[in-house]
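Listed below are the residues making up each chain.
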Amino acid sequence: MKLLITGFNGFVAGSIIAQAKGDWEIHGIGRTENPIDEPGIYYHSLDLLDSESFNALFKEIAPDAVIHAAAMANIDICQANQEQAEQTNVEVTKMIAKACQEHDVKMVFCSTDTIFDGLKGDYIESDKPNGINYYAQTKIRAEEIVLSASPKNAVGRLALVMGIPVIGKGNSFLADTISKLEQGIQVPFPENEIRTPIDVITLGAALKELAGNQFGGIIHLGGSTKINRYEMGLVIAKALGYSSELILSTNSNAMPGRAPRAEDASMDNSLAKRILKTPMLTLAEGLTLTLNFNAKK
Ligand SMILES: NC(=O)c1ccc[n+]([C@@H]2O[C@H](COP(=O)([O-])OP(=O)(O)OC[C@H]3O[C@@H](n4cnc5c(N)ncnc54)[C@H](OP(=O)(O)O)[C@@H]3O)[C@@H](O)[C@H]2O)c1
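Everything numeric here is computed off the predicted structure, so don't read it as measured data.

A separate point is the overall build of the protein chain. In terms of helices and strands, the protein chain carries ten helices and 13 strands. Taken against the 2.2 N^0.38 rule, which gives 19 Å for 297 residues, the C-alpha radius of gyration of the protein chain at 18 Å falls within 12% of a compact globule. For the C-alpha atoms alone, the extent of the protein chain along its principal axes is close to 55 × 40 × 35 Å. Summarising the internal contacts of the protein chain: among those between residues at least 6 apart in sequence, 76% fall at separations of at least 24.

Before going further, it helps to examine the site of the ligand. In the vicinity of the ligand there are 25 residues, among which Gly7, Gly10, Ala70, Ala71 and Gly170 approach most closely. Going through the elements one at a time, helix H1 (11–20) and strand S5 (106–112) are the ones with two or more residues in the shell around the ligand. For the shell around the ligand, the element with the most residues is H1, which contributes three residues. Of the residues in the shell around the ligand, the class split is 14 nonpolar, nine polar and two charged.

A separate point is the nonpolar core. Ile5 and Val108 are the most contacted members of the largest nonpolar core, which has 85 residues in total. In terms of residue count, helix H7 (residues 200–212) provides more of this core than any other element does, eight residues in total. Setting aside anything within four residues of it in sequence, one finds Ile5 in contact with Ala13, Ile16, Ile17, Ile26, Gly28, Ile67 and Ala69.

Reading the values: the criteria
- Residues numbered from 1 in each chain as written.
- Predicted model: local features only at pLDDT ≥ 70, side-chain atom pairs only at ≥ 80, totals over all residues.
- Helix = DSSP H or I, 4+ residues; strand = E, 2+ residues; numbered from the N terminus.
- Rg over C-alpha atoms; globule rule 2.2 N^0.38 Å.
- Contact = placed C-beta atoms within 7 Å.
- Near = placed C-beta within 6 Å.
- Nonpolar A, V, L, I, M, F, W, Y, C, P; charged D, E, K, R; others polar.
- Core = buried A, V, L, I, M, F, W, Y, C linked by C-beta atoms within 7 Å.
- Buried ≥ 20, exposed ≤ 12 C-beta atoms within 10 Å, placed from the backbone.

So, in structure tokens, the structure goes:
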């Protein structure tokens, strides 16, 4: 069985690759260098904005499932470059959904908790999205495309992802935090943002499971601890043995020039707990898992 993963050099994809290798023949699409040279893993260097090359490659690989993890994922960059965000997050998703539909292939799409406006919290899958920044709005449009393309497609709404990159690099706030704490640099965390963070190892396992199971529809992939990001920073510092004085409280919606952030984007993970074999963890369990996973490598 062949699994095609986009965003191959990214943070989330690295965990999917590490856990799917051996079980799937893995094909990855990325724009930079091959992050892993191992048997059974095939790297395809491609800009997803090149639809002709993508469609030819898709036919050549003939995947059994696709996990679409590539995106313009930086909220402020999306806000400042809306046309590029639209092309990357919406049009590319449309192209992949169409290819999957034509070849009757299941697509798993990586969406986000920030499709919600953050006024309510504890969101369930049927709650109405209301994106308050451009990134979120592109993800809402992309979700609709993926869901309408086939009932077998899955939209995983990812909570804030916490972890150390397993393969490749990508945007890991934990790796950045550890590097700063090691140097004694203070790290700001927004106290106004409440999240249900998920560790990257659990997330990779859940996305791999969704690629291989029969679930179709929306599923919230979040951890079992609801916490504001400043308190989360304190938990991380304590777990790693650093002083709490290195963690600073900020308000992300009081910083000029930044796109608005959803405040309480916490998600209810009851459906994931019911449907998936992959257990959804608490913050402390997830932190231990991601730190140990990398230590064992
Ligand atoms: N990390 C989180 O906390 C989080 C939370 C919620 C949802 N998500 C979603 O989860 C997914 C994975 O996130 P991540 O943290 O792994 O992001 P990431 O580390 O930024 O990885 C995204 C990857 O997409 C690739 N990409 C972007 N445009 C491309 C294009 N035109 N052609 C080919 N590749 C392209 C990037 O390649 P380059 O390296 O070449 O730019 C990058 O490797 C994204 O859809 C993101 O929106 C993430």
